[in-house]
Structure formats: C-alpha cells, structure tokens
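# Descriptive structure summary
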Amino acid sequence: MKYLKRILILLIIGISCFSCEKDDFCTQTPVTPNLILRFYDQKSLTEFKAVQRFSMTATGIQGSDTFFTNITTDSIAIPLNSLAEETVFTLTRNETDNTDNTGEETATLTVKYTPVNEYVSRSCGFRVIFNDVTFEKSGWIDRLSVTEVESIKNQVNAHVNIFH
C-alpha cells in the first residue's frame, strides 16, 4: 500500500509536468513603434539641445492626450494614432524659469502617415507600421532633419531631429 501511494503521487506529478503547454510570451516590446524625436541646437547642428520646461499634448489619439508636462529633455518617444492617418502634437517650451507662463512658446508638429497592420505572432498579435510618413512644423521649431520618412518600423534610432 505504501508503494502504491508513492507511485500514485509520482504519476500525478509526472502527468502534471508533461501535460503543460509551453507559455507563449511576446518578446518584442513595444510591438508597435513610437516616433522618436531628438532635439538639436540650430547653430551647431550636431550638439543636442535640451528643451527647457517642455510640455506636449496630442490631438487625434484619444481626444487630447498630455504626454509630458514641464520636463527638460533632449529626446522623446511618442505614440502615433494607429486608427487615424494624422496626429497633431502641440509642443510647448518655456526658456525662462517663472510661474506666470511668460516666455512660453508653442509649436505644432503634424505627422501624416499610412498605418498598416502586420501580424507578428500568436503571442504578440498585430503591430502597426507607419508608412509614407510626412512631417509639418510651425512655431519655435526652426527646421526638421527630414520632412519625409519611408516607414517607422522600429525604435532603434531617432526618426526626426528637431533643430531649435
């Protein structure tokens, strides 16, 4: 009887170990790429220039979303609306340190694209690739490194350099 219990326990453990299905995890994070922007000094063209007291909102993603509020940064990663063909970002900077918002400057970055769904895997599902991407600027942005990008498929490097 003692051996029967041990055999039964080992049998249950063996069945439970071999009956499990392999977990399916998505190893790509994030699957849908964000738009990467780098800020450069307009005079040197090669030196990063942080934007002081930077804030950003977007229209067209889910109404109006705020991504950043009062940060200092030289690069950002922002999502594009995969359900539309255009996302409009409002970029605000304040070069002076004050509380009454004097010295505040606003710029607009309009991104137009063609979203394409691409199947990745069973665990990851679909991702969106943005093709035929074009950029339009206004406000304190002096110029962009490019006005067109063939596609946004990854987040390895900056897609656009903003000179200010």
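The rules behind the values
- Residues numbered from 1 in each chain as written.
- Predicted model: local features only at pLDDT ≥ 70, side-chain atom pairs only at ≥ 80, totals over all residues.
- Heavy atoms only, no water.
- Helix = DSSP H or I, 4+ residues; strand = E, 2+ residues; numbered from the N terminus.
- Buried < 20%, exposed > 50% of the residue type's maximum accessible area, 1.4 Å probe, protein only.
- Contact = heavy atoms within 4.5 Å.
- Pairing = 2+ DSSP bridges.
- Phe/Tyr/Trp six-rings, centres within 6.5 Å; stacked < 30°, edge-to-face > 60°.
- Lys NZ or Arg CZ within 6 Å of the ring centre and 35° of its normal.
- Salt bridge = Lys/Arg side-chain N within 4 Å of Asp/Glu carboxyl O.

Next up on the list: the overall build of the protein. When helices and strands are counted, the protein shows 1 helix and 10 strands. Every one of the 164 residues in the protein was classed for burial, and the buried ones make up 30%. Here the analysis covers contacts within the protein between residues at least 6 apart in sequence; of these, 51% occur between residues at least 24 apart.

In this section: the sheet that holds strand 8 (residues 143–144). Strand order across the open sheet formed by 4 strands is 4-1-10-8, with mixed pairing between neighbours. Sheet topology places strand 4 (75–78) and strand 8 at the edges, where each strand pairs with a single neighbour. Sheet topology note: the strand 1 (residues 35–40)/strand 10 (residues 160–163) ladder contains 4 bridges and is parallel. Residue Phe39 lies in a different strand from strand 10, and its bridge partner there is Ile162.

On to the pairing of strand 5 (residues 86–94). Pairing geometry for strand 2 (residues 51–59) and strand 5, over 5 bridges, is antiparallel. The partner of Ala58 across the bridge, within strand 5, is Phe89. By the bridge criterion, 9 bridges tie strand 5 to strand 6 (residues 104–121) in an arrangement that is antiparallel. Each residue of the ladder has a partner; that of Leu91, found in strand 6, is Ala107.

Okay, the packing of aromatic side chains next. All chains considered together, the criterion is met by 8 aromatic pairs. With centroids separated by 6.3 Å and ring planes inclined at 50 degrees, the aromatic side chains of Phe67 and Phe89 adopt a geometry described as tilted. Here the residue Phe67 occupies a position in strand 3 (residues 64–73), and Phe89 occupies one in strand 5, the gap between them amounting to 22 residues. Judged by its relative accessible area of 25%, Phe67 falls in the partly exposed class. Grouped by ring-pair contacts, the aromatic residues Phe39, Phe54, Phe68 and Trp140 constitute a single cluster. Positioned above the aromatic ring of Phe48, the side-chain terminus of Arg38 is 3.7 Å from the ring centre.

Note that Arg93 resides in strand 5. Overall, the relative accessible area of 9% leaves Arg93 in the buried class. Residues Arg93 and Thr69 lie 24 residues apart in sequence; the distance between their C-alpha atoms is 9.8 Å. With residues up to four places along the chain from it excluded, the contact list for Arg93 reads Val51, Gln52, Arg53, Gly103, Glu104, Glu105, Trp140 and His164.

This paragraph deals with unusual backbone geometry. At Arg53, a position not held by glycine, the phi torsion is positive, near 45 degrees. By the element assignment, Arg53 lies in strand 2. The backbone of Asp132 sits at a positive phi, close to 50 degrees, despite the residue not being glycine. Accessibility expressed as a relative area gives 54% for Asp132, which makes it exposed.

Next up on the list: the pattern of salt bridges. What the rule picks out here adds up to 5 salt bridges. Arg38 serves as the salt-bridge partner of Asp74, at 3.5 Å between the closest nitrogen and oxygen. You can see Asp74 sitting in the loop between strand 3 and strand 4 and its partner Arg38 sitting in strand 1, a full 36 residues away along the chain. A salt bridge links Glu105 to Arg93, with the shortest nitrogen-to-oxygen separation between them at 2.9 Å. On the criterion of sequence distance, the pair formed by Glu105 in strand 6 and Arg93 in strand 5 is long-range, its members being 12 residues apart. Salt bridges sharing common partners tie together Glu86, Lys112 and Glu136.

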